[in-house]
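Survey of secondary and tertiary structure
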Amino acid sequence: EKYLVESGGGSVQAGGSLRLSCEVSGYSVSSGSMAWFRQTPGKEREGVAYINSYDKIRYPDSVKGRFTLSKDNDKNILYLQMDTLKPEDTAMYYCAARRSEYYSLSSSDYHYWGQGTQVTVSS
């Protein structure tokens, strides 16, 4: 059984920072691909950071320069450091995993998901 458990969400003011963690069991963060997504009610789930087994990292323009993805292979944890947060970053954030190492930030390509952690940024 594969489990992904997110933590680290919370409420911050614009310009602040948060670091999200995704603890993974039953699956290795060093294999395939992993990604962070976010979703607000009524909207599609949006990919915000991607990493694969070769440590290739990609971000969409909406978060590039503000979000930093990293992982600890020994602890099997995926992180998302979020700086200079904006109110439009408010969302539920999810980590996800898939076996393919090819680039994708499409939610439909990911097989394993956590329950999410809420991030709220006030102006």
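Quick note: structure is the one above.
Residues numbered from 1 in each chain as written. Predicted model: local features only at pLDDT ≥ 70, side-chain atom pairs only at ≥ 80, totals over all residues. Heavy atoms only, no water.

1. Quick word on the nonpolar core
Grouped burial of nonpolar side chains is what soluble globular proteins tend to show. Counting 27 residues, the largest nonpolar core has W36, L80, M82 and Y93 as its most contacted members. When contributions to this core are tallied by element, the ones reaching two or more residues are strand 3 (18-25), strand 4 (33-39), strand 5 (46-52), strand 7 (67-72), strand 8 (77-82), strand 9 (91-98) and strand 11 (117-122). Counting 6 residues, the second-largest nonpolar core is a separate cluster that includes A35, Y50, A96 and L105. (Core = buried A, V, L, I, M, F, W, Y, C linked by side-chain atoms within 4.5 Å. Buried < 20%, exposed > 50% of the residue type's maximum accessible area, 1.4 Å probe, protein only. Helix = DSSP H or I, 4+ residues; strand = E, 2+ residues; numbered from the N terminus.)

2. Description of the pattern of salt bridges
Per the stated rule, a full pass over the model turns up 5 salt bridges. For D61, the salt bridge is made with K64, and the minimal N-O distance between the two is 3.3 Å. Exposure remark for D61: the relative accessible area of 65% places this residue in the exposed category. The residue R66 makes a salt bridge to D89 at a minimum N-O spacing of 2.7 Å. Of this pair, R66 sits in the loop between strand 6 (57-58) and strand 7 while D89 sits in the loop between strand 8 and strand 9, and the two are 23 residues apart along the sequence. Each member of the pair R66 and D89 is classed as buried. Through salt bridges with shared partners, a single ionic network connects R38, E46, R66 and D89. (Salt bridge = Lys/Arg side-chain N within 4 Å of Asp/Glu carboxyl O.)

3. Observations regarding the packing of aromatic side chains
According to the stated counting rule, one finds 6 aromatic pairs in the structure shown. Ring centres of F37 and W113 lie 4.9 Å apart, and the angle between their planes is 50 degrees; on these two criteria the pair is classed as tilted. Of this pair, F37 sits in strand 4 while W113 sits in strand 10 (residues 112-113), and the two are 76 residues apart along the sequence. For W113, a relative accessible area of 25% translates into the label partly exposed. (Phe/Tyr/Trp six-rings, centres within 6.5 Å; stacked < 30°, edge-to-face > 60°.)

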